[in-house]
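Here is what each chain is made of, one letter per residue.
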Amino acid sequence: MAIIKAIKRATIIIVFAAATSLSAQDIAPEESTSGEGENPSEPTPTGQPIAPTNPDDGSFRLGVGGIAPIFNLGRRFGLSTSLTGGYDDNVNLTPTGSPSWFASPSAVFTYQFGNPRLAMNLVVGAGITYYFDHPGGRDYDPNLYLHLSLVYQASERLTFDVSAFAAYQAQPDVTSALSANRRLGNFFRSADNISANYRWTPRFSTVTSYTFSALKYQNSTASSGDRLENELGEQVRYLLFPTTTATAGYRIGITDYQTTGRNLITQTLTAGLDQTFGPHLTGIFQGGLQLRSGQTSPYIDAGLHYSFRSADVIWTNRYSIEESGTGAGSGRETFRTNLLLNYRFTARISANLAVSYQNGTGAQGADIGFNGGVAGEAEKVFDVSAEVRYAITHSLAVNAGYRHTESDQGSTSAIASQGLGYTRNRYFAGLTYTF
């Protein structure tokens with residue numbers, strides 16, 4: 001309880017400090033500086049930015065990260081509507097399948113702003129997926145989300161970084177730990193972070209951060225997975241070379257399971273490098289140790305980002321202890337990798353590819369939403385989608401694609417032997433109009 005109170009107090013202090021700086025500072029033109037002077041020039045936006053949503057239903061990919069807001073961008077508004085339709089051979093993600101034709105209307109509003117000291121990206125989306133055959137009595141899936149990224153340079157030395165995400169949806173997100181791998185009904189999730197980067201010298205800086213996450217299921221049978229997560233972190237950064245920064249960090253988090261009342265503490269120690277390989281390619285690597293209420297595991301976090309005129313690639317990898325679906329027993333040691341590729345062939349034709357894979361060990365107890373509820377078993381999930389888009393006019397575009405998801409198919413695990421795995425195929429096409 002003392003640790004929980006300390007985290008709450010620290011949270012209030014960090015939020016108050018950020019709010020005070022934002023209200024007290026006048027946003028005036030000033031020379032743009034990065035946290036350590038590693039790369040003061042801003043990246044040039046590509047012709048087709050990485051899409052944060054799945055093309056078949058518009059649901060948000062939380063686990064793939066994103067691109068930071070751009071300073072000196074000006075003010076940009078965007079509004080688009082789309083209508084996607086197709087065929088899903090397993091709507092409810094069951095071993096025997098639950099097929100249906102579907103239609104998915106949606107709308108997305110975007111807002112970008114950037115001057116020499118403040119940069120922000122806002123994306124708000126709303127839509128539904130309607131099923132004509134009503135598999136399992138399901139008529140439609142809701143899909144509502146908001147994603148905000150904001151960077152504020154309070155002074156030459158101090159920078160605040162804020163990100164906020166909230167969504168209400170039905171389909172699981174296989175890219176993120178803040179979701180089940182199976183269908184458990186509609187659920188709400190949120191992931192929010194605020195950090196303060198202070199540059200003490202031209203080479204040395206520190207990053208103090210607070211992260212809050214929440215997961216809440218509407219279905220009472222899945223409520224054992226409802227949880228709140230609070231995490232405090234501190235990272236030190238040292239510029240070894242103009243393109244190489246060494247990092248070391250410590251994080252402590254508390255997970256509060258709302259139904260069972262369990263409070264679990266996770267501590268993470270890391271050391272790593274941030275590397276700029278060239279004007280278009282950057283990478284990070286962090287390795288260390290993770291301890292969670294008597295459980296110990298290696299921790300690895302690595303990623304690459306490539307951006308050029310016609311191509312944009314984000315590749316993230318992580319091995320860590322993830323929270324279980326019930327809070328009982330140990331957490332899951334899980335490896336995740338997510339790859340996003342956007343490529344523009346011509347001014348009118350573009351394509352994107354998304355690949356996600358995870359391999360997680362089962363918790364000691366039956367884990368709702370994972371492993372089919374098989375105690376102590378592992379689960380592998382593979383998801384791939386491909387889409388081609390053609391711009392008819394500046395405002396109107398058509399797209400078509402395919403998405404495949406599978407869990408433990410062809411394995412000899414208890415999940416497969418008990419018939420708890422599933423496969424899913426979605427074929428889709430649609431129209432998008434941008435105002």
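As a starting point, this report considers the structure included with it. In this text the structure is predicted, and so the values were computed from the model without any measurement.

## Concerning the overall build of the protein
Then, in step 1: Along the protein, the regular secondary structure elements total two helices and 18 strands.
Then, in step 2: Taking the intrachain contacts of the protein between residues at least 6 apart in sequence as the baseline, contacts between residues at least 24 apart amount to 58%.
Then, in step 3: Only carbon and sulfur atoms are counted for the fraction: they give 63% of the accessible area of the protein, which is about 19,900 Å².

## Describing the pairing of strand β10 (residues 263-276)
Then, in step 1: Two strands pair when backbone bridges link them, and strand β9 (residues 244-257) and β10 are joined in this way by 13 bridges, in the antiparallel orientation. Of the residues in β10, the one forming a bridge with I254 is I265.
Then, in step 2: Where β9 folds back onto β10 in an antiparallel hairpin, the turn is made up of five residues, including G261, whose phi is positive at roughly 80°.
Then, in step 3: Taken together, the 11 bridges between β10 and strand β11 (residues 281-292) define a ladder with antiparallel strand orientation.

## Notes on the pattern of salt bridges
Then, in step 1: Taken as a whole and assessed by the stated rule, the structure comprises 18 salt bridges.
Then, in step 2: One salt bridge in this structure joins R237 and D274, with 3.0 Å as the shortest N-O distance. With R237 in strand β8 (residues 227-241) and D274 in strand β10, the pair connects residues that are 37 residues apart, well separated along the chain.
Then, in step 3: Take R237: its relative accessible area is 11%, and that puts it in the buried class.

## Points about the pairing of β9
Then, in step 1: Pairing analysis gives 14 bridges linking β8 to β9, with the strands arranged antiparallel. Looking across to β9, one finds that G233 is bridged to R251.
Then, in step 2: Turn length for the β8-β9 hairpin, with the two strands adjacent in sequence and antiparallel, is two residues.

## Details of the nonpolar core
Then, in step 1: Counting 11 residues, the largest nonpolar core consists of Y111, F113, L118, M120, L122, L150, Y152, A154, L158, F160 and A196.
Then, in step 2: When residues of this core are traced back to their parent elements, those giving at least two are β2 (100-114), β3 (118-131), β4 (140-153) and β5 (158-169).
Then, in step 3: With three residues, the top contributor of residues to this core is β3.
Then, in step 4: One finds L178, F187, A222 and F370 within the second-largest nonpolar core, a separate group that totals eight residues.

## Details of a nonpolar patch on the surface
Then, in step 1: Taken together, the side chains of W200, F204, V236, Y238, L240, F241 and L273 present a nonpolar region at the surface, about 640 Å² in accessible area.
Then, in step 2: The greatest single-element share of the nonpolar patch, amounting to four residues, is contributed by β8.
Then, in step 3: Within the secondary structure layout, L240 lies in strand β8.

## So, the side chain of T266
Then, in step 1: Summarising the element assignment, T266 is placed in strand β10.
Then, in step 2: For T266, the residues in contact, after removing those within four places along its chain, are R251, I252, G253, Q290, L291, R292 and E323.

## A word on unusual backbone geometry
Then, in step 1: The phi torsion at L93 lies on the positive side, around 55°, for a residue other than glycine.
Then, in step 2: On the secondary structure map, L93 appears in the loop between β1 (74-88) and β2.
Then, in step 3: Backbone geometry places H134, a non-glycine residue, at a positive phi of 50°.
Then, in step 4: If you trace the backbone, H134 turns up in the loop between β3 and β4.

## Focus on the packing of aromatic side chains
Then, in step 1: Scanning the entire structure with this criterion turns up 11 aromatic pairs.
Then, in step 2: Ring geometry for F77 against Y111: centres 4.8 Å apart, planes inclined by 45°, an arrangement best described as tilted. Residue F77 is found in strand β1, and its partner Y111 is found in strand β2; the two are separated by 34 residues along the sequence.
Then, in step 3: With 5.0 Å between their ring centres and 75° between their planes, Y433 and F435 make a pair best called edge-to-face.
Then, in step 4: Through a chain of ring-to-ring contacts, three or more aromatic side chains come together here, namely F60, Y145 and F165.
Then, in step 5: Looking at R332, its charged tip hangs above the ring of F370, at a distance of 3.5 Å from the centre.

Rules used throughout
- Residues numbered from 1 in each chain as written.
- Predicted model: local features only at pLDDT ≥ 70, side-chain atom pairs only at ≥ 80, totals over all residues.
- Heavy atoms only, no water.
- Helix = DSSP H or I, 4+ residues; strand = E, 2+ residues; numbered from the N terminus.
- Contact = heavy atoms within 4.5 Å.
- Areas by Shrake-Rupley, 256 points an atom, 1.4 Å probe, with all protein chains shown as cover.
- Pairing = 2+ DSSP bridges.
- Salt bridge = Lys/Arg side-chain N within 4 Å of Asp/Glu carboxyl O.
- Buried < 20%, exposed > 50% of the residue type's maximum accessible area, 1.4 Å probe, protein only.
- Core = buried A, V, L, I, M, F, W, Y, C linked by side-chain atoms within 4.5 Å.
- Patch = residues over 30% accessible without salt bridge, like charges linked within 9 Å, V, L, I, M, F, W, Y side chains within 5 Å.
- Phe/Tyr/Trp six-rings, centres within 6.5 Å; stacked < 30°, edge-to-face > 60°.
- Lys NZ or Arg CZ within 6 Å of the ring centre and 35° of its normal.

Purely geometric numbers; function is a separate question.
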